[in-house]
Amino acid sequence: MGFHRDALRAKCDGLDAQQLVTRAVVPSALSLLGIVRHMTEMERAYGVWALGPKTELEWVWGQYTDDGPEWDFDVDASMVDASMAAWARERTAHDELIARHTSLDDVGPGSGMSLRWNLQKLVGEYARHNGHADLIREALDGRTGE
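Just so you know, these numbers come straight off a predicted model, no measurement behind them.

With their axes 12 Å apart at the nearest point, helix α4 (residues 80-99) and helix α5 (residues 115-141) run at an angle of 150° to one another. Of the possible angle classes, the one that applies to α4 and α5 is roughly antiparallel. α4 and α5 meet at a crossing whose hand is left-handed. Contacts from Trp87, Arg91, His94 and Ile98 in α4 reach Leu115, Leu119, Leu122 and Tyr126 in α5.

What follows is the structure, given as structure tokens:
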């Protein structure tokens, strides 16, 4: 998982706030910051909530509804610092919860699924969205790779 976290961080490195919120692949609404915010939610869902105490899932950016905004992907340049800080907090909290488990078969009280299952889901989310991030970064400045 660390590999994929680092890959997303690298895709964002060296870009200014406006570049981070640019929707570079028309007609997609994805931006690098939107992906960071989405992965913040995924760290919460498959990590902090799934492995933490049994509670109702509270999203980082707000409650989702079918007719509401997409709190993670609807971004502007003013959201960069808070978004990056929230992503760091969720990763740290998730890592602390992972460290408490002695086996990948341990079941998380939040989701009722094993640590292994939750980690696989999160790695899949990072892998999918890092592919998107690679295309966005290439469209912004031509940079490719991990």
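Its 20 residues give α4 an end-to-end C-alpha distance of 29 Å, which sits within 8% of 28 Å, the value for a rise of 1.5 Å per residue. Within the sequence span of α4, burial applies to Val80, Ser83, Ala86, Trp87, Glu90, Arg91, His94 and Leu97. For α4, the buried positions fall inside an angular range of 135° around the axis, keeping them on one side. Exposed residues pointing more than 90 degrees away from the buried face of α4 are listed as Asp81, Arg89 and Ala99.

The subject of this paragraph is the pattern of salt bridges. Counted by the stated rule, this structure contains nine salt bridges. As a salt-bridge pair, Asp6 and Arg9 come within 2.8 Å of each other at their nearest N and O atoms. Taken together, the positions of Asp6 and Arg9, both in helix α1 (residues 2-12) and three residues apart, correspond to about one turn of that helix. Accessibility expressed as a relative area gives 43% for Asp6, which makes it partly exposed. For Arg9, a relative accessible area of 31% translates into the label partly exposed.

This paragraph deals with the packing of helix α3 (residues 32-51) against α4. Across the interface, α3 lies against α4 with an axial gap of 9 Å and an inter-helix angle of 25°. In this view, α3 runs roughly parallel relative to α4, as classed from their interaxial angle. Considering the relative orientation of α3 and α4, their crossing is left-handed. Across the interface between the two elements, Leu33, Val36, Arg37, Met39, Thr40, Glu43, Arg44, Tyr46, Gly47, Val48 and Leu51 from α3 touch Val80, Ser83, Met84, Ala86, Trp87, Glu90, Arg91, Ala93, His94, Leu97 and Ile98 from α4.

Right, let's get into the environment of Leu51. Relative to the helices and strands, Leu51 is located in helix α3. Given the relative accessible area of 5%, Leu51 is considered buried. Leaving out residues up to four positions away in the same chain, Leu51 has contacts with His94, Leu97, Ile98, His101, Gly108, Pro109, Leu115 and Asn118.

All right, on to α5 then. Across its 27 residues, α5 extends 38 Å between first and last C-alpha, which sits within 8% of the 39 Å expected from 1.5 Å per residue. Regarding α5, the residues found buried are Leu115, Asn118, Leu119, Leu122, Glu125, Tyr126, His129, Asn130, Ala133, Ile136 and Arg137. Packed against the buried residues of α5 are α1, α3 and α4. Phi for Gly142, located one or two positions after α5, is positive at around 85°.

Procedures and definitions
Residues numbered from 1 in each chain as written. Predicted model: local features only at pLDDT ≥ 70, side-chain atom pairs only at ≥ 80, totals over all residues. Heavy atoms only, no water. Axes fitted to C-alpha atoms, helices over the stretch in contact; angles between N-to-C directions. Helix = DSSP H or I, 4+ residues; strand = E, 2+ residues; numbered from the N terminus. Parallel < 35°, antiparallel > 145°, perpendicular 65-115°, else oblique. Left-handed = near helix turned anticlockwise from the far one by under 90°. Contact = heavy atoms within 4.5 Å. Expected span 1.5 Å × (residues − 1). Buried < 20%, exposed > 50% of the residue type's maximum accessible area, 1.4 Å probe, protein only. Arc of directions from axis to C-beta. Salt bridge = Lys/Arg side-chain N within 4 Å of Asp/Glu carboxyl O.

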